[in-house]
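# A structural walkthrough
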Amino acid sequence: MSIFVDADTRVLVQGMGRTGQLHTSLSLEFGTPVVGGVTPGKGGGQACGLPIFDSVRDAVRETGANASVVFVPPPGAGDAILEAAEAGIGLIVAITEHVPVRDMVRVRHAMRGSASRLIGPNCPGVLDPSLKVRIGIAPYPIFKPGTVGVVSRSGTLTYEAVGQLSALDIGQSTCIGIGGDPVNGTSFIDCLENFEKDDATRAVVMIGEIGGSAEEEAAEFVRSEMTKPVVAFIAGATAPPGKRMGHAGAIVSGGRGTAAEKREALEKAGIPVAASPALMAETLREACPEAR
Amino acid sequence: MNIHEYQAKALLRDYGVEVPPGRLAGTPGEASSAAEGIGGTVVVKAQVHAGGRGKAGGIKLARSAAEAAQTAEDMLGMRLVTKQTGAEGKLVRKLYVEEASQIDDELYLALLVDRGTRNIGVIASVEGGMEIEEVAEATPEKILQLQIDPLVGLCEFQARDLGIDLGLTSRQNARFVELLRNLYRLFMEKDCSMIEINPLITSGDRVMPLDCKLSFDEAALFRHPDIAELRDPEEEDPREAEADRYGLSWVSLDGNIGCMVNGAGLAMATMDIIQYAGGTPANFLDVGGTADAERVSHAFRLILADPQVKGILVNIFGGIVLCDMVAEGIVQAAREVGVTVPLVVRLDGTNAEKGREILGGSGLDITPAANMKEAAEKIVAAVSA
């Protein structure tokens, strides 16, 4: 079992440019069933040995794709997400960084009641080591099949956590980057809720960072709804207030959204918080020695 | 991206919002003629990107053109230190001379994206002229909130109810509804990330912004060349601006350990771990997903341009970024730039082994580290030695 993806997942690539093609090759190399690409105006062609379509609608009809990964540049990214949702794609993973916030606000509202799940934007995507499903840009060689779910707002910090886990011989069930933007699709809580239900997941590593209150909300969810152990790390304890730290959403504003505040909320909910980014896997092992 | 008050007010005027007449002045002479043109008592306001100007002496009344000229003389060229500028303050280069307003009441009004609901949030309070965070802390019941569904837009009744809650008279409220509608239009059309009006004043039947802070979503500037033009490079950290040109994400900090990292989360975590090891980071730097030799070299130059820097920590977790490529970049850059301070490099992930071999065989004085913790400890030890 896994979350958000399964053995029937068929991936479509929206935006088969240079980056799209690079990651398509890597996903295919890993063993992910990528079935086609969409680049308006390039329909009928091929890339990475896959058919290219002019629209998601056509691609779904021809390939049966049920998931998509969006590499479309910022001006068209919001449109691409809605196109996928309209075409009935169940899982939409938006990698694109620097999508205007207003576009994401509209996308989120337009997707109310939609059966599609959006992950991202500005994220590394989803990787499931046992299914060999990679929808995004994560470096697959560091992953190892196992029982720990990973959910994070940051890309490289996800890799850091996965690297630490794998080094301790602890494998991962599904790893999800939810993205570093202030308005995104899937939240920590969505992931936690699914990890709780997932038979393959025994414990969860949650990696947050400064800005917003998603970690606080997640803490409350873990306290009231979860039985599986969750450990956390919050990046940005030393970040100066009022400064955007790389991610559009990573900002302490008006004294709110600090790492200390989040840490306190998590600890109050009984979630062990790694004292240092070097101790994410150690903290998980302490909380769940049986995790493999 | 932030803009100046005078620019914000011009935009408000474009959107049909009534603001007091005012003019920009760069010299005492210009301030004098602005005051003369406006007539009566004026307010001379320092144009810097920082709040708290009033208390810091950056906003002064002038009763005549001569007084305006004198105030301008005093203010121009001074470094204004407000609670938001830091100790070094901000150089005053421009002034905004504005008609003094009769103030009956001071309110607070702001629009922003509510991250929780993904709506446009409106925050208002009868406690204008104060920092809203302080109001929220001391008297949370005085914070009024309104949510605008972006697919529906602002409903008139919502604006009207808010005006009633703010204690406005019917006449004032009619103007307030109009004002909020215009502000919402500006917010959406120009991709604002925040509109903050503090204070919003009432003066008889009128409701008018006395100060206005506008900030815009950087990611949306591509579709607003008119807004992008309002950027004032003088107000920005020159190293942040330079980093931006090379596609690097940079924030200057006070410490002495320069950092070069790939990914924003890992870059923040690297700052944190340096601090836990007893050191202080000099900067936040995310070199991004394509850390090639050229970028690495630009990054080194930026870090070394800070005289405070006594050591550099490179922390790369290779994903799509290949560690051997980064290693080559480091070697090339270190040779070109001439890194004269201790350099600790941690490479992990894709092709890390190859990368370490390249660094080891380079003949350069580079201290390798196996993981983040070791890297932080090594650089802190080297800097304190």
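Residues numbered from 1 in each chain as written. Chains lettered and ligands numbered in written order. Predicted model: local features only at pLDDT ≥ 70, side-chain atom pairs only at ≥ 80, totals over all residues. Heavy atoms only, no water.

### What to know about the layout of surface pockets
As a reminder, the rule being used: Put simply, the grid is 1 Å and covers the protein atoms alone, a cavity is a trapped set of points that fit a 1.4 Å probe, a pocket is an open set with protein on both sides within 12 Å along at least five of seven lines, and lining residues have an atom within 4 Å of a point. Grid points are joined across faces, edges and corners, and a volume is the space filled by probe spheres set on the points. Per the convention used, a helix needs a DSSP run of H or I reaching at least four residues, while a strand needs a run of E reaching at least two, with both numbered from the N terminus. Any residue that is not Ala, Val, Leu, Ile, Met, Phe, Trp, Tyr, Cys, Pro, Asp, Glu, Lys or Arg is counted as polar, Gly included; the first ten are nonpolar and the last four charged.
As a volume, the second largest pocket reaches approximately 240 Å³. Surrounding the second largest pocket, 15 residues form its lining, A:Glu160, A:Gln164, A:Ala167, A:Ala278 and B:Asn371 being those nearest its centre. If you list the elements that add at least two residues to the lining of the second largest pocket, you get helix H5 (155-167) and helix H9 (280-287) of chain A together with strand S17 (343-349) and helix H13 (372-384) of chain B. A total of four residues in the lining of the second largest pocket trace back to one element, the largest contributor, which is H5(A). Here the lining of the second largest pocket is composed, by residue class, of seven nonpolar, three polar and five charged.

### Comments concerning the pairing of strand S5 (residues 67-70) of chain A
All names here are of chain A. Filter applied, for reference: Exposure is judged per residue with a 1.4 Å probe applied to protein chains only, and the accessible area is read against the type maximum: over 50% gives exposed, under 20% gives buried, and values in between give partly exposed. Here a strand pair is declared whenever DSSP counts at least two bridges between the two strands.
Covered by surrounding structure in S5 are Ala-67 and Val-69 together with Ser-68 and Val-70, the residues of both alternating faces. The sheet contact formed by strand S1 (residues 11-14) and S5 spans four bridges and is parallel. When the bridges of S5 are listed, Val-11 appears paired with Ala-67. With four bridges connecting them, S5 and strand S6 (residues 91-94) associate as parallel partners.

### Looking at the nonpolar core
Residues and elements named next belong to chain A. So the rule is basically this: Take the buried residues of types Ala, Val, Leu, Ile, Met, Phe, Trp, Tyr and Cys, join any two whose side-chain atoms come within 4.5 Å, and each joined set is a nonpolar core. Should any heavy atoms of two residues lie within 4.5 Å, those residues are counted as being in contact.
Core analysis: the biggest nonpolar cluster contains 100 residues, and Ile-135, Ile-176, Leu-192, Met-245 and Leu-284 have the highest contact counts within it. Once residues lying within four places of it in the same chain are set aside, the contact partners of Ile-135 are Val-5, Thr-9, Val-11, Ala-67, Ser-68, Val-69, Leu-91, Val-93, Pro-124, Gly-125 and Val-126. Of all hydrophobic cores here, the second largest spans 70 residues; its members include Val-35, Val-60, Ala-85 and Val-107.

### As for the sheet that holds strand S13 (residues 230-235) of chain A
Residue and element names in this part refer to chain A. How we decide: A fitted line through C-alpha atoms represents every axis, and for helices the fit uses only the stretch in contact; the resulting angles, taken between N-to-C directions, go from 0 to 180 degrees.
The six strands lie next to each other as S9-S8-S11-S10-S12-S13, forming an open sheet whose pairing is mixed. Edge positions in the sheet fall to strand S9 (133-136) and S13, since each has one partner strand and no second. Shown here is a sheet whose adjacent strand axes are inclined to one another by a mean of 15°, direction ignored. For strand S8 (residues 125-128) and strand S11 (residues 172-177), the ladder comprises two bridges, and the chain directions are antiparallel. Looking across to S11, one finds that Val-126 is bridged to Ile-176. On top of the sheet, helix H1 (residues 18-30) reaches S8 and S9; it is set at about 170° to S9, its chief contact. Set on the sheet, H5 makes contact with strand S10 (145-152), S11, strand S12 (203-209) and S13; between it and S10 the angle comes to about 155°.

### Here's the deal with the domain arrangement of chain A
Residue and element names in this part refer to chain A. So the rule is basically this: Residue ranges labeled as domains rest on an automatic or database domain assignment. Two parts placed together each lose some accessible area under a 1.4 Å probe, and the buried area is that loss summed for both. What counts as a salt bridge is simple: a side-chain nitrogen of Lys or Arg found within 4 Å of a carboxyl oxygen of Asp or Glu. Throughout this description, a polar contact denotes any pair of N or O atoms lying within 3.5 Å of each other; where both atoms belong to protein, one of them has to be capable of donating a hydrogen while the other can accept it, and for residues adjacent in sequence the pair is counted only when both atoms sit in side chains.
Partitioning chain A into domains gives domain 1 (1-122) and domain 2 (143-292). Placing a centre on the C-alpha atoms of domain 1 and another on those of domain 2 gives a separation of 25 Å. In this complex, domain 1 contributes 16 residues to the contact, which on the side of domain 2 involves 21 residues. Across the domain 1/domain 2 interface, buried area totals approximately 1500 Å², and carbon plus sulfur atoms make up 57% of it. Ranking the residues of domain 1 by area buried against domain 2 places Met-1, Ile-3 and Asn-122 at the top, with a combined share of 37%. Counting every contact that joins domain 1 to domain 2 gives one salt bridge. Put simply, domain 1 and domain 2 have nine residue pairs in polar contact (both at pLDDT 80 or more) between them. Mapped by element, the contributors of at least two residues to the side of domain 1 that touches domain 2 are helix H4 (101-110) and strand S7 (117-119). The element that contributes the greatest number of residues to the side of domain 1 that touches domain 2 is H4, accounting for four residues.

### Description of helix H6 (residues 188-197) of chain A
Residue and element names in this part refer to chain A. Convention followed: Regarding the arc, it is the one traced by the directions from the helix axis to the C-beta atoms.
Inspection of H6 places Phe-188, Cys-191, Leu-192 and Phe-195 among the buried residues, and these make up the whole buried set. End-on view of H6: buried residues confined to an arc of 100°, all on one side of the axis. With a side-chain oxygen positioned 3.3 Å from the backbone nitrogen of Ile-189, the residue opening H6 is Ser-187.

### Here we look at the interface of chain B and chain A
Taken together, the contact between chain B and chain A spans 43 residues of the former and 56 residues of the latter. Each partner contributes to the roughly 3800 Å² buried at the junction of chain B and chain A, and carbon and sulfur atoms together form 65% of this total. When the area that chain B buries against chain A is broken down by residue, the three leading residues are B:Arg115, B:Arg118 and B:Met268, summing to 20%. Joining chain B to chain A, the criterion identifies five salt bridges. On the surface where chain B and chain A come into contact, there are 15 residue pairs in polar contact (both at pLDDT 80 or more). For the side of chain B that touches chain A, the elements supplying multiple residues, two or more each, are helix H6 (170-189), strand S13 (249-252), helix H9 (264-276), strand S16 (311-318), S17 and H13 of chain B. The element best represented in the side of chain B that touches chain A is H9(B), accounting for 10 residues. Looking at side-chain class alone, the side of chain B that touches chain A contains 20 nonpolar, 11 polar and 12 charged residues.

### Description of the packing of helix H11 (residues 323-338) of chain B against helix H12 (residues 352-360) of chain B
All names here are of chain B. Our working definition: Reported orientations rely on four angle classes, namely roughly parallel under 35 degrees, roughly antiparallel over 145, roughly perpendicular from 65 to 115, and oblique for the rest. By definition, turning the near helix anticlockwise from the far helix through less than a right angle yields a left-handed crossing, and turning it clockwise yields a right-handed one.
Running from amino to carboxyl end, H11 crosses H12 at an angle of 20°, the nearest separation of the two axes being 7 Å. By the criterion of interaxial angle, the relationship of H11 to H12 is roughly parallel. Of the two possible hands of crossing, H11 and H12 adopt the one that is right-handed. Along the contact surface, H11 presents Cys-323, Asp-324, Ala-327, Glu-328, Ile-330 and Val-331, while H12 presents Ala-352, Lys-354, Gly-355, Ile-358 and Leu-359. Here the residues of the contact of H11 with H12 are counted per class, giving seven nonpolar, one polar and three charged.

### Some remarks on the pairing of strand S2 (residues 42-46) of chain B
Every regular strand shows the same layout, with side chains that alternate between the two sheet faces. Residue and element names in this part refer to chain B. Burial within S2 is extensive, with five of its five residues counted as buried. Across the two faces of S2 the burial is the same, with Val-42, Val-44 and Ala-46 and Val-43 and Lys-45 all buried. Direction of pairing for S2 relative to strand S3 (residues 59-62): antiparallel, over a ladder of four bridges. Note on S3: the bridge partner recorded for Val-43 is Leu-61. Both S2 and strand S6 (residues 95-99) contribute to a ladder of five bridges, which runs antiparallel. Opposite Val-43, over in S6, you have Glu-98 as the bridge partner.

### Details of the environment of A:Gly44
Residues and elements named next belong to chain A. With respect to the helices and strands, the residue Gly-44 is situated in the loop between strand S2 (34-38) and strand S3 (46-47). Residue classification places Gly-44 among the exposed residues on the basis of a relative accessible area of 75%. Along the primary structure Gly-44 and Asp-54 are separated by 10 residues, whereas in three dimensions their C-alpha atoms are 7.8 Å apart.

### Observations concerning the confidence of the model for chain B
Filter applied, for reference: On a range of 0 to 100, pLDDT expresses the predictor's confidence in each residue.
Averaged over every residue, the pLDDT of chain B is 93; the share at 70 or more is 99%. Reported confidences for the modelled complex are a pTM of 0.94 and an ipTM of 0.93.

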